[in-house]
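Notes for the structure review
The primary structure of each chain is shown beneath.
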Amino acid sequence: VFSNNENLRTFTVSEDNLYYCAVDGVLMNKNQSELICHPQATDETTYIVPDTVKTICESAFAGCDSLEEIILPENLETIEASTFCGSNIERITIPDSVTEIGESAFSNCKNLEEVTIGDGVPGINNYLFKNCENLETVVVGKNVQNIGYSAFADCRSLRDVSLPEGLTLIRQQAFKNCTNLEYLVLPNTITKLETKVFEDCKSLINVTLSESLTAIPSDCFRYCVTLRF
């Protein structure tokens, strides 16, 4: 309801409202367990999400151009779809308490460079980091079992990805057009790669394949022109 309000600077909510409140100009539900919307036109560069927050709602920080750092609380549980889409955060650490991250939550974060995904996350959702063109380093939590469709597609600066044992599936185009990715070790638990997973990874030199992998699908390494065998 408040998306694309580029000049919105603050929220004010009547104390008599039974359902909503504003904390330092940020819209939340009454008991402050859900962060609903952070105004886009804020001047602050760092925001600390209150410890009361369990859920950050869909698109809550989308388009927040001034924010460079957002610190998440240790008891956060859910990050909904498109939560940080298009914001200017530079790094993010997702605590182990988080068990769900929605689609496109960090897509189009042009300044995002470093990501650490906590051990509570069971899977990396579709388009999660798509088009984060400056993303260089990703540490994936040890309980992630699958990487979704186009999860890291068009992350052209991506060089360092740590994938955990226990990962079983990488979906279609997950790393497509990661043009700076040179080396990748696939854990031995991977049983399936979908088509075009590494398409257009033009700098990819070496991939260590899983012992459990029984087939390489069509176009999986299409246009990987520097790949050595």
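Residues numbered from 1 in each chain as written. Predicted model: local features only at pLDDT ≥ 70, side-chain atom pairs only at ≥ 80, totals over all residues. Heavy atoms only, no water.

1. Details of the overall build of the protein chain
Of the regular secondary structure elements, the protein chain holds zero helices and 18 strands. Computed over C-alpha atoms, the radius of gyration of the protein chain comes to 19 Å, within 12% of the 17 Å expected from 2.2 N^0.38 for 229 residues, which places it in the range of a compact globule. Overall size of the protein chain, expressed as C-alpha extent along the three principal axes, is 65 × 30 × 25 Å. Here the protein chain holds 229 residues, and the buried ones make up 48% of them. Long-range pairs, those at least 24 residues apart, make up 22% of the contacts in the protein chain between residues at least 6 apart in sequence. Accessible surface computed for the protein chain: about 10800 Å², of which carbon and sulfur atoms make up 43%. Averaged over its 16 positive side-chain charges, the protein chain has a centre that lies 10 Å from the centre of its 33 negative ones. (Helix = DSSP H or I, 4+ residues; strand = E, 2+ residues; numbered from the N terminus. Rg over C-alpha atoms; globule rule 2.2 N^0.38 Å. Buried < 20%, exposed > 50% of the residue type's maximum accessible area, 1.4 Å probe, protein only. Contact = heavy atoms within 4.5 Å. Areas by Shrake-Rupley, 256 points an atom, 1.4 Å probe, with all protein chains shown as cover. Lys, Arg positive; Asp, Glu negative; His and termini not counted. Charge placed at Lys NZ, Arg CZ, Asp CG, Glu CD.)

2. Here we look at the sheet that holds strand S7 (residues 78-79)
Taking strand neighbours across the sheet as the criterion, the six strands line up as S1-S2-S3-S5-S7-S9 in an open arrangement whose pairing is mixed. The open sheet terminates on both sides in strands that have one partner only, identified here as strand S1 (20-23) and strand S9 (100-101). Sheet analysis places S7 next to S9, joined by two bridges and oriented parallel. Within S9, the residue paired with Thr78 across the bridge is Glu100. (Pairing = 2+ DSSP bridges.)

3. Quick notes on the nonpolar core
Within the largest apolar cluster, 65 residues are counted, with the highest numbers of intra-cluster contacts made by Phe61, Phe106, Phe129, Phe152, Phe175 and Phe198. At the level of elements, S1, strand S2 (26-29), strand S8 (91-94) and strand S10 (114-117) are the ones that each hand at least two residues to this core. When near neighbours in sequence (up to four residues on either side) are disregarded, Phe129 contacts Phe106, Ser107, Leu112, Val115, Ile117, Leu135, Ala151, Phe152, Ala153 and Cys155. (Core = buried A, V, L, I, M, F, W, Y, C linked by side-chain atoms within 4.5 Å.)

4. Side note on the sheet that holds strand S11 (residues 123-124)
Within a beta sheet, neighbouring strands are joined by backbone hydrogen bonds and run either parallel or antiparallel to one another. Taken in spatial order, the four strands line up as S11-S13-S15-S17 in an open sheet, and their pairing is parallel. The outermost strands of the open sheet, each flanked by one partner alone, are S11 and strand S17 (192-193). Strand direction decides the pairing type here: S11 and strand S13 (residues 146-147), joined by two bridges, are parallel. When the bridges of S13 are listed, Ile124 appears paired with Ile147.

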